[in-house]
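Residue-level structure breakdown
Each chain, letter by letter, is given below.
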Amino acid sequence: MSPAAQVTLTTRRSARFVAWTRAWRAGLVSFDEILDDLTAEEEQHVRDLPGQWREEVELREALPALAKLHPDEIRLVLPVPGDPRGLPGPGPFTSHALVSGEGVIASRLGLVPETRQHTSGSGVTFTTVLWRAFELPEAPSAQLPGVREADGALSLALTETTTRLVRLDVAQWRPELAGALQALRKPDAETDLPPGYDPRARRLYARACVLDRVLTLAGQAAPGGALNSFEAQQRDEALRPLAGACRAALMAACNAPFEG
């Protein structure tokens, strides 16, 4: 397998949740279709959902709480300390979203995913997702870049970061990144966004999803401890602007207005 191929397309859970839930609320996919997509690989539950007498319910039972929302009321947020874009302000939802690095805003409801590891009696390990629900004092306004702006910012950040990583001899401590970054120059146009998104949003989403995976790989410690503390600091400084542009691109793509 080539180095580039080793970087697989993975999607943040909140991004998938927002994209498919928005398409459902727009009448473009059915309730069963959204459930099939979101629960295809992981069992999902929701905890502390307002109006539910049980503390924890399956996703199937929780989704009707969003049935009256307009697609534009459902948004993705990908905050990190120092970059809280999209968050409603101080509160339990904001705190949990900052720790998780992702979350969903659905009008006055906030959702943050947590993973739980389980081991079956036969020794098989599997993951379930628990969405923690938070009531928000008001529906926060969206102040995020559009698809065109986010696409341009991502291209610029990718060019500048790639140049810096080459200077840092990134291949010496993470050789698979060289092939991965090169592959991003011609991203795959295929995407798993649901119906309703225009081609530019789809392209941006596919590109940002792959880049998000590359950034996760780049931020990990090099095998064998090949990266010292000074080099790690240089790496982090080089990647920080690109990571911010990538988060903005994912949010812009998932939150983009639907066609027609």
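Here, the structure is the one placed above.
Presented here is a report on the structure given in the accompanying data block. None of these values were measured; they are calculated from a predicted model. Positions within a chain are numbered from 1, following the residues in the order the chain's sequence is written. The predicted origin of the model limits local features to residues at a pLDDT of at least 70 and limits the giving and counting of side-chain atom pairs to 80 or more, whereas totals for whole chains, interfaces and linings rest on all residues. In computing side-chain properties, one takes all heavy atoms of the structure into account and sets aside hydrogens as well as water.

Digging into the side chain of R75
Helix numbering and strand numbering both begin at the N terminus, where a helix is a DSSP run of H or I of at least 4 residues and a strand a DSSP run of E of at least 2. Here R75 shows up in strand 3 (residues 74-77). The contact rule is simple, with two residues in contact once any of their heavy atoms fall within 4.5 Å. The residues contacting R75, other than those within four sequence positions of it, are V18, G86, G103, V104, I105, P140, S141, A142, L144 and N255.

With respect to the packing of helix 1 (residues 13-25) against helix 2 (residues 31-38)
When two helices pack together, their arrangement is given by the angle between the helix axes and by the axis-to-axis distance. Remark: helix 1 packs on helix 2, axes separated minimally by 9 Å, with the N-to-C direction vectors making an angle of 170°. Relative to helix 2, the element helix 1 is oriented roughly antiparallel. In this structure, helix 1 uses R16, F17, W20, T21 and W24 to contact helix 2, whose residues at the interface are F31, E33, I34, D37 and L38. Gly is put with the polar residues, along with every residue not named as nonpolar or charged; the nonpolar set is Ala, Val, Leu, Ile, Met, Phe, Trp, Tyr, Cys and Pro, and the charged set is Asp, Glu, Lys and Arg. A class-by-class count of the residues in the contact of helix 1 with helix 2 yields six nonpolar, one polar and three charged. Between N-to-C directions, angles cover 0 to 180 degrees, with each direction set by a line fitted to C-alpha atoms, over the stretch in contact for helices. Should an angle fall under 35 degrees it is called roughly parallel, over 145 degrees roughly antiparallel, and 65 to 115 degrees roughly perpendicular, with every other angle called oblique.

Focus: empty space enclosed by the protein
Only protein atoms enter the 1 Å grid used here. Points where a 1.4 Å probe fits but cannot escape make up a cavity, open sets with protein on both sides within 12 Å along at least five of seven lines make up a pocket, and a residue lines them when an atom lies within 4 Å of a point. Grid points are joined across faces, edges and corners, and a volume is the space filled by probe spheres set on the points. One pass over the structure, following the stated rule, counts two cavities of 30 Å³ or more. Each pocket or cavity is described by its volume, and for the largest cavity that value is around 50 Å³. Forming the walls of the largest cavity are F17, V46, L49, L59, A62, L63, A65, L66, L109 and L111. Taken together, the elements giving at least two residues each to the lining of the largest cavity come down to helix 3 (59-62) and strand 5 (109-119). Residue composition of the lining of the largest cavity, by class: ten nonpolar, no polar and no charged.

So, the packing of aromatic side chains
For this analysis, a ring pair means two rings from Phe, Tyr or Trp (six-membered ring only for Trp) whose centres lie within 6.5 Å, classed as stacked if their planes differ by under 30 degrees, edge-to-face if by over 60, and tilted for the remaining angles. By the definition in use, this model includes four aromatic pairs. Seen in terms of ring centroids, F17 and W131 are 4.8 Å apart; in terms of plane orientation they differ by 45°. Their pairing is tilted. Of the two residues, F17 is situated in helix 1 and W131 in strand 6 (residues 125-135); the sequence distance between them amounts to 114 residues. Residue F17 shares its accessibility class with W131, and that shared class is buried. Judged by centre distance (4.8 Å) and plane angle (85°), the ring pair of Y197 and F258 falls under edge-to-face. Of this pair, Y197 sits in the loop between helix 7 (175-183) and helix 8 (199-218) while F258 sits in the segment after helix 9 (229-254), placing them 61 residues apart in sequence. Here the two residues Y197 and F258 agree in accessibility, since each one is buried. When the NZ atom of lysine or the CZ atom of arginine is within 6 Å of a ring's centre and also within 35 degrees of its normal, the charge is said to sit over that ring. Geometry around W24 places R25 over its ring, the cationic atom sitting 4.8 Å from the centre. Only protein chains enter the accessibility calculation, which uses a 1.4 Å probe; a residue whose area is less than 20% of its type maximum is buried, one above 50% is exposed, and one in between is partly exposed.

A look at the pattern of salt bridges
Salt bridges are counted wherever a side-chain nitrogen of Lys or Arg sits within 4 Å of a carboxyl oxygen of Asp or Glu. In this structure the tally under the stated criterion is 13 salt bridges. The shortest N-O distance in the salt bridge between E56 and R47 comes to 3.6 Å. Linking D151 and R200 is a salt bridge whose minimum nitrogen-to-oxygen distance equals 3.5 Å. With D151 in helix 5 (residues 147-167) and R200 in helix 8, this pair connects stretches of sequence that are 49 residues apart. Note on D151: relative accessible area 17%, which makes it buried. By relative accessible area, which is 28% here, R200 ends up partly exposed. Through salt bridges with shared partners, a single network forms among R47, E55 and E56.

Re helix 1
Multiply 1.5 Å by the residue count of a helix minus one, and that product is the helix's expected span. Taking 1.5 Å as the rise per residue, helix 1 with 13 residues should run 18 Å; its terminal C-alpha atoms sit 18 Å apart, in good agreement. Counted residue by residue, helix 1 has eleven buried out of 13 residues, so it is predominantly covered. Among the residues of helix 1, S14, A15, R16, F17, V18, A19, W20, T21, R22, A23 and W24 are the ones counted as buried. G27, located one to two residues past helix 1, shows a positive phi value of around 80°.

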